[in-house]
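# Report on the structure
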Amino acid sequence: MKTLDQLAFDNRFARLGDTFSTRVLPQPIEQPRLVVASPAAMALLDLDPGESARPEFAALFAGHRLWQDAEPRAMVYSGHQFGMYNPQLGDGRGLLLGEVVNARGEYWDLHLKGAGYTPYSRMGDGRAVLRSSIREFLASEHLAALGIPTTRALCVVASTTPVYRERAETAAMLLRLSPSHLRFGHFEFFYYTRQHEALRQLAEHALDCHFPACREQAQPFAAMFREVVERTAATIALWQAYGFCHGVMNTDNMSLLGLTFDYGPYAFLDDFDAHHVCNHSDDSGRYSFENQVPIAHWNLSALGQALTPLVAVEQLRESLALFLPLYQAHYLDRMRRRLGLRTAEDGDEVLVQRLLALMQQGGVDYSRFFRSLGDEPAAAAMQRLREDFVDLAGFDAWAADYLARAAREGAQDESERRARMHAVNPRYILRNYLAQQAIEAAEQGDYGPVRELHAVLSRPFADQPGMERYAERPPEWGKHLEISCSS
Ligand code: AMP
Ligand code: MG
């Protein structure tokens with residue numbers, strides 16, 4: 001276990017030089033106070049969990065100090081936002097502090113979000129507000145605990161520094177961890193500015209640092225693109241299986257590693273609704289829940305376009321064509337497991353679709369349905385779950401088919417079935433209203449609720465005595481919170 005001062009830095013991205021990023025020092029925020037830290041994320045850096053109690057911890061992650069070996073850089077990128085190409089983005093408020101190498105030889109980018117002005121801040125103030133920092137923290141650590149690929153969050157530090165959004169708020173900083181902060185938009189920037197040598201240099205860097213196995217292939221860049229397609233398909237399948245809505249799937253928010261990246265107005269579905277749009281600013285519903293699949297494919301095409309100087313178009317097309325079948329296979333696999341099925345049958349996809357259509361019609365709570373299904377033997381569960389549906393005849397027909405389907409797998413050991421289902425169906429899910437309640441307390445200076453919510457959500461599959469209130473049905477107001485892009 002290490003102390004803060006013992007972290008070992010390597011700064012491979014910084015060494016690529018000024019074409020790719022600009023050296024910028026963090027601008028500290030006033031009177032830093034630690035809101036919450038993640039012991040699981042600290043473990044990724046081999047940090048002693050006790051380190052977060054030191055005053056230096058909050059000061060460090062509020063920009064007041066810097067490690068000697070850190071090389072803070074603002075990265076340049078561009079990207080397609082809501083379908084339109086924006087040529088000039090880049091990190092307007094986040095700094096890559098450096099890469100830390102842990103005892104297992106893993107590299108982790110330390111990224112300080114809300115660190116102040118950079119050359120890419122455009123009209124922005126370079127800051128992040130407390131509420132959005134808490135939202136990213138909670139989601140990062142919760143998705144990780146659910147087994148959904150994501151960037152991680154080490155901590156949130158609050159301050160008294162004022163920032164102005166729709167109202168006066170205070171600035172916070174979030175320390176994000178990721179094996180890489182490379183986005184699709186990084187490649188788009190160098191493609192559209194016709195800096196094809198820099199594009200190649202960036203792709204070489206990505207290969208060496210993040211896709212070493214592709215190096216061994218006959219066509220390394222083509223292999224890397226194929227792997228990005230595969231990873232993205234796997235991640236999006238889990239989003240859809242767990243009802244996660246990202247909300248802002250711009251290509252600058254797409255991770256080259258297929259991680260869930262840049263949390264904004266995200267939501268986990270409460271009542272199942274395929275058409276749900278979680279971003280209040282998304283008027284056309286471009287990033288609705290069901291659109292996430294075609295949008296991910298569209299975003300991959302945008303990345304493919306940016307790689308055309310390096311990879312033959314035919315090869316890019318072949319990899320892109322893999323996306324949908326891969327997505328469907330991953331999605332169906334996870335949905336079978338969520339339904340407690342151990343084998344695959346041809347009719348399973350239709351069985352899932354019929355269930356979702358019934359849920360949609362009845363406004364059935366998505367997460368609770370699956371957890372309840374594992375709580376007791378299937379036939380008994382059907383009787384109880386039935387009450388939540390409106391098309392009772394439709395539900396009965398589905399339930400009969402589901403029970404017959406499950407029976408074809410042979411006799412069940414009930415306690416084994418329960419354990420197997422509970423291992424994939426969370427008891428606790430990060431509902432927007434839970435985040436909202438914790439944020440409101442934090443804005444009043446009480447960080448207890450954020451810390452408790454984080455602790456509960458970091459063990460989402462375990463029944464946690466005394467924490468039942470976090471697993472309840474959401475209140476009606478909680479289903480209709482308006483979360484916008486403002487952050
Ligand atoms: P986002 O919607 O948070 O992914 O941000 C889109 C782009 O705007 C990114 O390039 C951000 O770095 C930048 N940005 C967002 N908020 C701010 C801010 N308050 N100040 C400066 N730049 C920002
Ligand atoms: Mg972003």
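Reading guide: rules and limits
- Residues numbered from 1 in each chain as written.
- Chains lettered and ligands numbered in written order.
- Predicted model: local features only at pLDDT ≥ 70, side-chain atom pairs only at ≥ 80, totals over all residues.
- Heavy atoms only, no water.
- Buried < 20%, exposed > 50% of the residue type's maximum accessible area, 1.4 Å probe, protein only.
- Helix = DSSP H or I, 4+ residues; strand = E, 2+ residues; numbered from the N terminus.
- Pairing = 2+ DSSP bridges.
- Axes fitted to C-alpha atoms, helices over the stretch in contact; angles between N-to-C directions.
- Parallel < 35°, antiparallel > 145°, perpendicular 65-115°, else oblique.
- Contact = heavy atoms within 4.5 Å.
- Nonpolar A, V, L, I, M, F, W, Y, C, P; charged D, E, K, R; others polar.
- UniProt positions renumbered as here; feature names shortened; annotations may be inferred.
- Near = heavy atom within 4 Å.
- Polar contact = N/O pair within 3.5 Å; in protein donor to acceptor, adjacent residues only side chain to side chain.
- Areas by Shrake-Rupley, 256 points an atom, 1.4 Å probe, with all protein chains shown as cover.
- Phe/Tyr/Trp six-rings, centres within 6.5 Å; stacked < 30°, edge-to-face > 60°.
- Donors = N, O, S within 2.8 Å, 3.2 Å for Na, K, Ca; no water.

Our focus in this paragraph is the pairing of strand 3 (residues 33-37). Counting buried positions over the 5 residues of strand 3 gives 4, a clear majority of the element. In terms of strand pairing, strand 3 meets strand 10 (residues 152-164) through 4 bridges, oriented antiparallel. Counterpart to Leu34 in the pairing with strand 10 is Val157.

What follows covers the packing of helix 15 (residues 432-443) against helix 16 (residues 448-457). One can describe the packing of helix 15 onto helix 16 by two numbers: an axis separation of 7 Å at closest approach and a directional angle of 150°. By the criterion of interaxial angle, the relationship of helix 15 to helix 16 is roughly antiparallel. Here Leu434, Ala435, Ala438, Ala441 and Ala442 of helix 15 come into contact with helix 16, specifically with Pro449, Val450 and Leu453. Of the residues that constitute the contact of helix 15 with helix 16, the class distribution is 8 nonpolar, no polar and no charged.

Another aspect to go through is the UniProt feature "active site" (unreviewed entry) in the protein chain. What UniProt calls "active site" (unreviewed entry) maps, in this numbering, to Asp252. Positionally, Asp252 belongs in the loop between strand 12 (244-245) and strand 13 (267-268). Excluding its chain neighbours within four sequence positions, the residues that come into contact with Asp252 are Tyr77, Ser78, Gly79, His80, Gln81, Leu89, Arg183 and Gly185.

Ligand 1 sits among 16 residues. The nearest are Gly90, Gly92, Arg122, Asp125 and Gly126. Here an oxygen atom of ligand 1 and a backbone polar atom of Gly90 are 2.7 Å apart. Here Arg127 contributes a backbone N or O atom positioned 3.2 Å from a nitrogen atom of ligand 1. Across the complex, the protein chains shield 82% of the 480 Å² of accessible surface that ligand 1 would expose by itself.

Turning our eyes to something else, we now look at the packing of aromatic side chains. In the structure shown here, the tally under the stated rule is 25 aromatic pairs. With a centroid separation of 5.7 Å and an interplanar angle of 15°, the aromatic rings of Tyr327 and Tyr331 are classed as stacked. Remark: Tyr331 and Tyr327 occur in helix 9 (residues 313-338); sequence separation between them is 4 residues, near one turn of the helix. This pair shows no difference in class: Tyr327 is buried, exactly as Tyr331 is.

Moving on, we get to the environment of Gln81. Topologically, Gln81 is positioned in strand 5 (residues 79-81). Judged by relative accessible area, which is 24%, Gln81 ranks as partly exposed. As for Gln81 and Val311, which are separated by 230 residues in sequence, their C-alpha atoms are 24 Å apart. Those residues within four positions of Gln81 in sequence are excluded, and the remaining contacts are Asn86, Leu89, Asn250, Asp252 and Tyr287.

Bringing the coordination of the magnesium ion (ligand 2) into the picture now. In an ideal octahedron of six donors the angles at the metal are 90 or 180 degrees, and in an ideal tetrahedron of four donors they are 109.5 degrees. In this structure, Asn253 (OD1) and Asp262 (OD) serve as the protein donors to the magnesium ion (ligand 2), at separations of 1.9 to 2.1 Å. Given a relative accessible area of 10%, Asn253 falls into the buried group. For Asp262, a relative accessible area of 14% corresponds to the buried category.

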